Structures are given as structure tokens and as C-alpha cells.
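Structural features, examined
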Amino acid sequence: MSESIQNATFEQIGEIIRQHESFVILSHVRPDGDAIGSQLALGFALKAAGKKVRLINEDGLPENLAFLRGSYKIETPPAEPIDAEIAIALDTATKPRLGEKSLHAASNAKIWLNIDHHISNPRYGDLNLIDDISPATGQIIYELLLALHLPIPDETRDAIYVAVSTDTGSFQYPSTTARTYEMAADLIRRGLDVGEINSSTYDNHPFRRLELLRALLNTLERSADGLIAHWSLTEDVRTDLKLRPEDSEGLIDTIRSIEGVRVAAFFEELFDGKIRVSMRSKDIRFNVCQIAAEFGGGGHALAAGIRMTGPIEEAREKVLAAIQRAIVAHG
Ligand code: 5GP
Ligand code: MN
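We now turn to the structure provided with this report. None of these values were measured; they are calculated from a predicted model.

What follows covers the overall build of the chain. When you go through the chain residue by residue, the secondary structure sums to 12 helices and 12 strands. Against the 2.2 N^0.38 benchmark of 20 Å for 331 residues, the chain shows a C-alpha radius of gyration of 20 Å, consistent with a compact globule. For the chain, the C-alpha atoms occupy an extent of roughly 60 × 45 × 40 Å along the three principal directions. Relative to its full complement of 331 residues, the chain shows a buried share of 53%. Taking as baseline every contact in the chain between residues at least 6 positions apart, the subset at least 24 positions apart corresponds to 68%. Surface summary for the chain: the accessible area is close to 14700 Å², and the carbon and sulfur share equals 50%. Counting 35 positive and 48 negative side-chain charges, the chain places the centres of these two groups 1 Å from one another.

Quick look at the structure:
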């Protein structure tokens, strides 16, 4: 099949699901709540519908999401390709972001589905369902399951909630719609325990995450005009604090929340010598996805990321200059 520019309909995806038995469901490297949540949500729905399903992630299950029902199903890629007819990529803006080992594991699949909410997604599937208005891939999965009358077991119900909650900053970002709250209400009516799931998601951080926050605060800088705030994490701090990749998840919101700040940036040295940049905008005039694209990254207008070459000082200088230019051009 050739790549398709047009979105597949729910019905077309339903056809594919009905006509096949075995599925491998994938999401991006360094998975977040929306990545793992979407995998579990769709995976357990298909399983409940009698399908054979494997859930693969390049980096496996992050510790902070291990509380999710059914999360034991998330595997790191096996060495040999999986016997699956259909591969489904979720929440993954570009195919390489699935990771090399995962791509190899899914290489027997004859049809690729690409379901995502990143505006920068180049539609690399045979069938694509890209809804950049949706606040999370988890919400697209919810709509798909309802439309196709697929089962919503407890694992799916909880995973959808966490996927959407984590990608909307607890239902706060402007991408959150009335439909998002209707969905949350429906999930609660289906038996979701709101207090427990929010407590597991947000009130259960390892101590080292606060030590990381302390270290980051020591590097906090703000541009002279107060519009940009940024902080950095170097490899020695990561080693000292025995950090795991997920420990920094969401911390950037702390500097995004500063009065007057329009764009927040987080620079992080990775073990492979690359630099990971995370950006957040509070102002639709400053599109951080466009800024990320200048360096080969992507994401959403208000939340985007880059993986670029170091050293960190150079990466920081280049990206901050690009943010400055965007502010001058569009401010
Ligand atoms: P985060 O800052 O939370 O890692 O990522 C913010 C958004 O940008 C997410 O939607 C994520 O998928 C996207 N993103 C992060 N890093 C990259 C990257 O290196 N390349 C692309 N294309 N998107 C990224
Ligand atoms: Mn997402």
C-alpha cells in the first residue's frame, strides 16, 4: 500500500481490524503517559475483541506509569521480528521516533496504521489518522473505540484517562475541549476511580525527582526582557542523582508558569552525546513546533522537542537565538 495524505475513516480502520488477527502496537522512544496510555488503551480493547496483540516500546515501561492496569504487557522489542499482520504506531510524530529495534520487531507487518495528534506528522502509514486538534492520542483512541463499538475494558478506560490527563497538564492546556471533559465524565461513569488514578499519576514521585528540580532551579535563567526562561541538565547531575529518563517529565511546567514568560526551554545532555531540547509556549503567536523544525525536531504549536548535536552550550545558544528571532518576528 502507498502512503496516504488523506485521513483514513474510522470505518476503514475498523475494516482492517475486523479482517486481521494479529497486531503489534508501538509508540515513541522515551514514552510519556499518552504514548503508553494509548498503547494500553487500544491493546486491551483489541485483546477484549479476541485479537492477538503485542505492545512494544523501544525503552520499555517507565517506572512512573507502572501503576497502570495491564502495564505488564508493555515489552521492549524482541530480537526477532514479531509475527503480526498489522503494525499500529501511536502518538509518534515521525517513524524513526519508534526506535530501530521496535521497527525491526514490527518489520513483518504488511500494513501500517499511523494514529497521532502531531501536526508535524508526515503521514508515514498506509492508513493515517492524524487529528492535530485532539489534545492527546488517547482521545483519538477513545473516539475510535466508540465509533467501532469495540470493548472498553478497565485497562483501556484507565489508560485513556491517564493519556489525556498527562498530555493536557491535567485538563488545563488550551487543547482541552468540551469533548475532552465529556470523555472524562464517560470514563468516570464506566467506573474510573478519579481520586486514585490522579494520586497515582501526580502524587507519587520518587524523591530524586525533587532533587532534580533543585538542581535545575540552580541553572534557571531568564532573558533580559523576561519572555524566555530556560534551565539545563548535564550528564554529571543525571549520574549523581541516578536519574531515569521519565524523572524530568512535566518539570518544564514550573518555568512555563513564571509571570511574563512566553516560551520555556529545557536543555538536557543525553548519554549518547546528543542534546534533547524541550520547549513550551504560552502564547499562540510563538509556535515552538516551527522553532523545533528549524533543528529537525517537531511536536505541537505549544509543546515541541528536538534531539540535536552538542555540546550543550552550543545547542542552547542556537535554540535561544531562534526563540528570540521568533519573538521579534511575531511579537
Ligand atoms: P516533550 O518536550 O514533552 O518531550 O515533547 C513535547 C512534544 O514534542 C511531544 O509531543 C513530542 O512528541 C514532541 N517531540 C519531542 N522531541 C521531539 C523530537 O526530537 N522530534 C520530534 N519530531 N518531536 C519531538
Ligand atoms: Mn501525545
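With mixed pairing, 6 strands are arranged side by side in an open sheet as E7-E8-E9-E10-E12-E11. The sheet is open, and its two borders are formed by strand E7 (221-222) and strand E11 (298-299), each paired with just one other strand.

This next bit is on the site of ligand 1. Close contacts around ligand 1 come from 14 residues, with His118, Arg276, Ser278, Arg280 and His300 the closest. Between an oxygen atom of ligand 1 and a side-chain N or O atom of His118, the distance comes to 2.6 Å. Side-chain polar atom of Ser278 to an oxygen atom of ligand 1: 2.2 Å apart, as the coordinates give it. Across the complex, the protein chains shield 87% of the 490 Å² of accessible surface that ligand 1 would expose by itself.

The subject of this paragraph is the nonpolar core. In terms of nonpolar packing, the biggest core is built from 46 residues, with Leu46 and Ile88 touching the most fellow members. Broken down by element, the residue count for this core peaks at 7 residues, all from helix H2 (residues 33-48). Residues in contact with Ile88, not counting those within four places in the same chain, are Phe23, Val24, Ile25, Leu26, Leu42, Leu46, Leu113 and Ile115. Counting residues in hydrophobic clusters, the runner-up holds 23 residues, among them Ile291, Ala304, Ile306 and Ile327.

Here the focus is the pairing of strand E9 (residues 263-269). Summarising burial for E9: 6 of the 7 residues are buried, a large majority. Direction of pairing for strand E8 (residues 228-233) relative to E9: parallel, over a ladder of 6 bridges. Bridging from a neighbouring strand, Leu233 pairs with Glu268 of E9. Pairing between E9 and strand E10 (residues 274-281): 7 bridges, direction antiparallel. The partner of Glu268 across the bridge, within E10, is Arg276. Where E9 hands over to E10, the hairpin turn is made up of 4 residues, of which Gly273 adopts a positive phi near 90°.

Moving on: the pattern of salt bridges. All told, the structure shown has 20 salt bridges when counted by the stated rule. Among the ionic pairs, Arg18 bridges to Glu11, the shortest N-O distance being 2.6 Å. Arg208 serves as the salt-bridge partner of Asp247, at 2.6 Å between the closest nitrogen and oxygen. Here Asp247, found in the loop between helix H9 (235-240) and helix H10 (253-256), pairs with Arg208, found in helix H8 (residues 207-217); they are 39 residues apart in sequence, far enough to count as distant.

Right, let's talk about H8 for a bit. Of the positions making up H8, those classed as buried are Arg208, Arg209, Leu212, Leu213 and Leu216. For H8, the angular spread of buried residues about the axis comes to 155°, placing them on one side. Across H8 from its buried face, at more than 90 degrees, point the exposed residues Phe207 and Arg214. If you follow the buried residues of H8, they end up packed against E8, H10 and E9.

Rules used throughout
- Residues numbered from 1 in each chain as written.
- Chains lettered and ligands numbered in written order.
- Predicted model: local features only at pLDDT ≥ 70, side-chain atom pairs only at ≥ 80, totals over all residues.
- Heavy atoms only, no water.
- Helix = DSSP H or I, 4+ residues; strand = E, 2+ residues; numbered from the N terminus.
- Rg over C-alpha atoms; globule rule 2.2 N^0.38 Å.
- Buried < 20%, exposed > 50% of the residue type's maximum accessible area, 1.4 Å probe, protein only.
- Contact = heavy atoms within 4.5 Å.
- Areas by Shrake-Rupley, 256 points an atom, 1.4 Å probe, with all protein chains shown as cover.
- Lys, Arg positive; Asp, Glu negative; His and termini not counted.
- Charge placed at Lys NZ, Arg CZ, Asp CG, Glu CD.
- Pairing = 2+ DSSP bridges.
- Near = heavy atom within 4 Å.
- Polar contact = N/O pair within 3.5 Å; in protein donor to acceptor, adjacent residues only side chain to side chain.
- Core = buried A, V, L, I, M, F, W, Y, C linked by side-chain atoms within 4.5 Å.
- Salt bridge = Lys/Arg side-chain N within 4 Å of Asp/Glu carboxyl O.
- Arc of directions from axis to C-beta.

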